[in-house]
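One-letter residues, chain by chain:
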Amino acid sequence: KNPSDVNALYGMAVVQAKMGQTKEAAETIKTALSYAPEDPDMLRDAGVIAYLGGLYPEAVAYLRKAYQLNEGDAETVLYLGRAYEQTGDTLTALELYKKAAAAGSTDVQITYGLATAYGKLNNDAESHYWFGSYFKMKKKKDSALFHYRAALSKVPPDSDRAREIRKEIETIQKPPVNPAAAQTHPR
């Protein structure tokens, strides 16, 4: 009924994007943004839609603005990093992922982003370390151990990173505690 209803336009853009109608979603969200150009959620979703449509420089522009308005949004950080990687700016992507991880993000995709960015920058030790962390979060023990061991072989043995990796390996290799066996029964 109201073609300038921001919430209706935004909702329609999100639905169109979920249905794979990327071009339509991009047009709809641009219209919504014309009524609320500083809305960080709409800017983020406009960036995600542009990213999914392969329009990486446009995605960076939307996502950078969304990030300036709400740098704590993990999805904004993730897609901004991905968009930067697609435009060839892996260092900026890495800095975003590192900042999110340092702020306590437990988003598995941020961890994956760290792994791939380090890999693109030929830092095998850090790439393997973050892939180990990624697979640990995904509860894929064998893959996590493979990557942690590969990382351990590439860092100085007395470094903080080596100690951290050894601790991760120990944690993964510990047998699960059986709560029933841990209880003592009075006689």
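Right above here is the structure, for reference.
Residues numbered from 1 in each chain as written. Predicted model: local features only at pLDDT ≥ 70, side-chain atom pairs only at ≥ 80, totals over all residues. Heavy atoms only, no water.

Quick word on the overall build of the protein chain
Here is the rule we go by: The way it works is that DSSP assigns letters per residue, a run of H or I at least four long becomes a helix, a run of E at least two long becomes a strand, and they are numbered from the N terminus. Each residue gets one of three labels from its accessible area relative to the maximum for its type: buried under 20%, exposed over 50%, partly exposed in between, using a 1.4 Å probe on protein chains only. The contact criterion used is simple: two residues touch if any of their non-hydrogen atoms lie within 4.5 Å. Every accessible area reported is derived by Shrake-Rupley at a probe size of 1.4 Å, with residue values counting cover from the shown protein chains alone. This count recognises Lys and Arg as positive and Asp and Glu as negative, with His and chain-terminal groups excluded. Charge placement uses NZ in Lys and CZ in Arg. For Asp and Glu, CG and CD serve respectively.
Counting secondary structure elements, the protein chain contains 11 helices and 0 strands. Counting from the amino terminus, helix and strand elements in the protein chain follow one another as α-α-α-α-α-α-α-α-α-α-α. Overall, the protein chain is about 75 × 50 × 25 Å in size when its C-alpha atoms are taken along their principal axes. Considering the protein chain as a whole, with its 187 residues, one finds that 40% of them fall into the buried category. The long-range share in the protein chain, meaning contacts at least 24 apart out of those at least 6 apart in sequence, stands at 43%. As displayed, the protein chain has an accessible area near 11,000 Å², and 53% of this comes from carbon and sulfur atoms. Side-chain charges of the protein chain comprise 24 positive and 23 negative groups, with the mean position of each set lying 8 Å from the other.

Examining the packing of helix H8 (residues 124-137) against helix H10 (residues 160-173)
Counted only if it meets this: Between the N-to-C directions of two axes lies an angle of 0 to 180 degrees, each axis being a line fitted to C-alpha atoms and, for a helix, fitted only over the stretch in contact. An angle below 35 degrees is read as roughly parallel, one above 145 as roughly antiparallel, one from 65 to 115 as roughly perpendicular, and any other as oblique. Handedness of each helix crossing follows the sense of rotation of the near helix against the far helix: counterclockwise by less than a right angle gives left-handed, clockwise gives right-handed. In this count, Pro and Cys sit with the nonpolar residues alongside Ala, Val, Leu, Ile, Met, Phe, Trp and Tyr, while Asp, Glu, Lys and Arg are called charged and the others, Gly among them, polar.
The interhelical angle for the contact between H8 and H10, taken along N-to-C directions, is 25°, at an axis separation of 12 Å. Between H8 and H10, the crossing angle belongs to the class labelled roughly parallel. For the pair H8 and H10, the sense of crossing is left-handed. Residues Glu126, Tyr129, Trp130 and Lys136 of H8 lie in contact with H10, whose contacting residues are Arg161, Glu164, Ile165, Glu168, Thr171 and Ile172. Taken together, the residues that form the contact of H8 with H10 break down as 4 nonpolar, 1 polar and 5 charged.

With respect to the packing of aromatic side chains
Aromatic rings considered in pairs are described by the distance between their centres and by the relative angle of their planes. Basically, it comes down to this: Aromatic contacts are taken between Phe, Tyr and Trp rings whose centres are within 6.5 Å, Trp giving its six-membered ring; a plane angle under 30 degrees counts as stacked, one over 60 as edge-to-face, and the others as tilted. The rule for a charge over a ring is simple: NZ of Lys or CZ of Arg within 6 Å of the ring centre, and within 35 degrees of the ring normal.
Inspection of every chain in the model, using the stated rule, returns 8 aromatic pairs. Note on Tyr129 and Trp130: the rings are 5.0 Å apart at their centroids and 85° apart in plane angle, and the pair reads as edge-to-face. A residue is classified by how much of its surface remains accessible, and Tyr129, at 4% relative accessible area, is buried. Members of the aromatic cluster, each reached through a chain of ring pairs, are Tyr112, Phe131, Tyr134 and Phe135. Positioned above the aromatic ring of Tyr79, the side-chain terminus of Arg82 is 5.1 Å from the ring centre. Of note, Arg161 hangs over the ring of Tyr129, and the distance from its end group to the ring centre comes to 3.7 Å.

What about helix H6 (residues 90-102)?
The periodicity of an α-helix, 3.6 residues per turn, causes residues three or four places apart in sequence to face the same way. The cut-off we apply is this: One less than the residue count of a helix, multiplied by 1.5 Å, gives the span that helix is expected to have. The directions from the helix axis to the C-beta atoms are what the arc is built from.
Taking 1.5 Å of rise per residue, the 13 residues of H6 would be expected to cover 18 Å, and the 18 Å separating its terminal C-alpha atoms lies within 8% of that figure. Among the residues of H6, Thr90, Ala93, Leu94, Leu96, Tyr97 and Ala100 are the ones counted as buried. The arc that holds the buried residues of H6, viewed along the axis, is 160°, so those residues lie on one side. Facing away from the buried side of H6 by over 90 degrees, the exposed positions are Leu91 and Ala102.

A look at the pattern of salt bridges
Definition in use: The salt bridge definition used is simple: a Lys or Arg side-chain nitrogen within 4 Å of an Asp or Glu carboxyl oxygen.
A full pass over the atoms with the stated rule returns 13 salt bridges. Glu38 is paired through a salt bridge with Lys65; the nearest N and O atoms lie 3.0 Å apart. Residue Glu38 is found in the loop between helix H2 (22-35) and helix H3 (40-52), and its partner Lys65 is found in helix H4 (residues 56-69); the two are separated by 27 residues along the sequence. A residue is classified by how much of its surface remains accessible, and Glu38, at 46% relative accessible area, is partly exposed. Among the salt bridges present, the one from Arg161 reaches Glu164, with a minimum N-O distance of 3.0 Å. Remark: Glu164 and Arg161 occur in helix H10; sequence separation between them is 3 residues, near one turn of the helix. On the basis of relative accessibility, which here comes to 33%, the residue Glu164 falls in the partly exposed class.

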